[in-house]
Amino acid sequence: MKLFTVGPVEMNEEIKAVGGQQVPYFRTEDFSKLMLEADEMLRGFMNAGEEAKSIYLTASGTGALEATVMNCLTCKDKVIVINGGTFGHRFSDLCNVYGIKHTDIVLDFGEQLTEKHFRNLFMEEYTALLVNIDETSTGQLYDIEIISKFCKKHNLLLIVDAISSFLCDQYDMKKYGIDATIISSQKGLCIAPGLSIVVLSEKMINERVSKNQVRSMYFDFKDYLENFKRGQTPFTPCVGICLQMYKALAMIKEKGLENHLAYIDNVAKDFRNKVVKIKGISVPKYALSNAITPIIFDRDVATKVFEALKDEYEITVNPTGGAMKERILRVAHIGDTKLKDNDILICAISKVLKSLK
Ligand SMILES: *Cc1c(COP(=O)(O)O)cnc(C)c1O
């Protein structure tokens, strides 16, 4: 079975080899050192700066989104949520759970986020903005320039879910004044699920995290910050996945981040150029993340294509929920996915579509 899915992704052999090893005991100097080294690489790749600090959570991505809302915001905040799909909607739901007032910028299907979406907001009310920089459900990569400029101008805290974008697209916390970045192991990092990470700016730590009274023990960031000074977490982490993270980051460091990103960019563009040549398939017009391409069918065949790829070709792609369920499938370009895999997938999709006539 070959995965063209985002989270879990088709993992590289080197990562799978780490996954097959005995998980070590972790309250040791060796494990602390490995975590501190991994953290140095991770913060480097997002240009987080020396003062930024990371929280290593054993949780899925949503756990980290929720923990970020709990630790970085309070019910006195009023926030803007870019709600352009499933994951934007999740931020909105989280604000409701924690009684945080919010205004959502809701995007219709196919609509690109632009400066005009920000024009009619009464700015004096807002304190923060929440965005999933790659809204994985639609593949739209929002323009960080526009969002960052807006947040700087109005002095808003900027909280970015980069779960499917970090290590797939360019990402820079310092340049864009990002105060919290949320990532998760099974997406951009291309390792097993279970580890999620929140990287906090100095401003976020000083103004929010260190002051907020969080009604949770497991998700109180203060404890994580204190423990990570020595490369440890307050509770047992997903030790095996931490080792995979170290390996994944070290491999990117060796290759060079720019080369790593250029490789994915090339695979994504190659797929997009080829897939639109199949009759009855198009791709969205808005800006796309390198991580994933939604393919849009001109008739209701998505479930049938999904099933046929799985059963007849041993290929799994991402289905898409919601109103467009029968029209869209999504194809990931990360992990162990090469140009020749694109050709195999495209050939399989063409054959399946022909057989459906
Ligand atoms: C996958 C994903 C999440 C989190 O999903 P989990 O299933 O909780 O890991 C959040 N945001 C984005 C943008 C994602 O792609």
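Residues numbered from 1 in each chain as written. Predicted model: local features only at pLDDT ≥ 70, side-chain atom pairs only at ≥ 80, totals over all residues. Heavy atoms only, no water.

**Focus on the sheet that holds strand 9 (residues 180–184)**
What holds strands together in a sheet is hydrogen bonding between their backbones, with the strands either parallel or antiparallel. If you trace the 7 strands from one edge of the open sheet to the other, you get 2-10-9-8-5-3-4, paired in mixed fashion. On the outer flanks of this sheet lie strand 2 (53–58) and strand 4 (101–106), each paired with one strand and no other. Averaged over all adjacent pairs, the angle separating strand axes in this sheet is 15 degrees, with direction ignored. Where strand 2 and strand 10 (residues 195–200) come together, 6 bridges link them in antiparallel fashion. Bridge assignment links Ser-54 to a residue of strand 10, and that residue is Val-199. (Pairing = 2+ DSSP bridges. Helix = DSSP H or I, 4+ residues; strand = E, 2+ residues; numbered from the N terminus. Axes fitted to C-alpha atoms, helices over the stretch in contact; angles between N-to-C directions.)

**Overview of the pattern of salt bridges**
With the rule as written, the count across this model stands at 18 salt bridges. Notably, a salt bridge pairs Arg-208 with Asp-77, separated by 2.7 Å at the nearest N-O pair. In this pair, Arg-208 is assigned in helix 7 (residues 202–209) and Asp-77 in the loop between helix 3 (61–72) and strand 3 (78–83), connecting sequence segments 131 residues apart. Just as Arg-208 is buried, Asp-77 falls in that class too. Note that Asp-265 and Lys-269 form a salt bridge whose closest N and O atoms lie 2.7 Å from each other. With a gap of 4 residues between them, Asp-265 and Lys-269 both fall in helix 10 (residues 257–275), about one helical turn apart. Take Asp-265: its relative accessible area is 24%, and that puts it in the partly exposed class. (Salt bridge = Lys/Arg side-chain N within 4 Å of Asp/Glu carboxyl O. Buried < 20%, exposed > 50% of the residue type's maximum accessible area, 1.4 Å probe, protein only.)

**Focus on the sheet that holds strand 1 (residues 2–4)**
Reading across the sheet, the 5 strands line up as 1-13-14-12-11 and stay open at both edges, with mixed pairing between neighbours. Taken across any chain shown, the strands that pair with only one partner, and hence form the sheet edges, are strand 1 and strand 11 (281–282). Relative to strand 13 (residues 315–319), strand 1 runs parallel, the two sharing 3 bridges. Residue pairing across strands places Lys-2 opposite Ile-315, the latter belonging to strand 13. Across the face of the sheet, helix 10 comes into contact with strand 11, strand 12 (292–297) and strand 14 (328–332) while running at roughly 10 degrees to strand 12. Each of strand 1, strand 11, strand 12, strand 13 and strand 14 is contacted by helix 12 (residues 339–355), which is oriented at about 75 degrees to strand 13, the strand it contacts most. (Contact = heavy atoms within 4.5 Å.)

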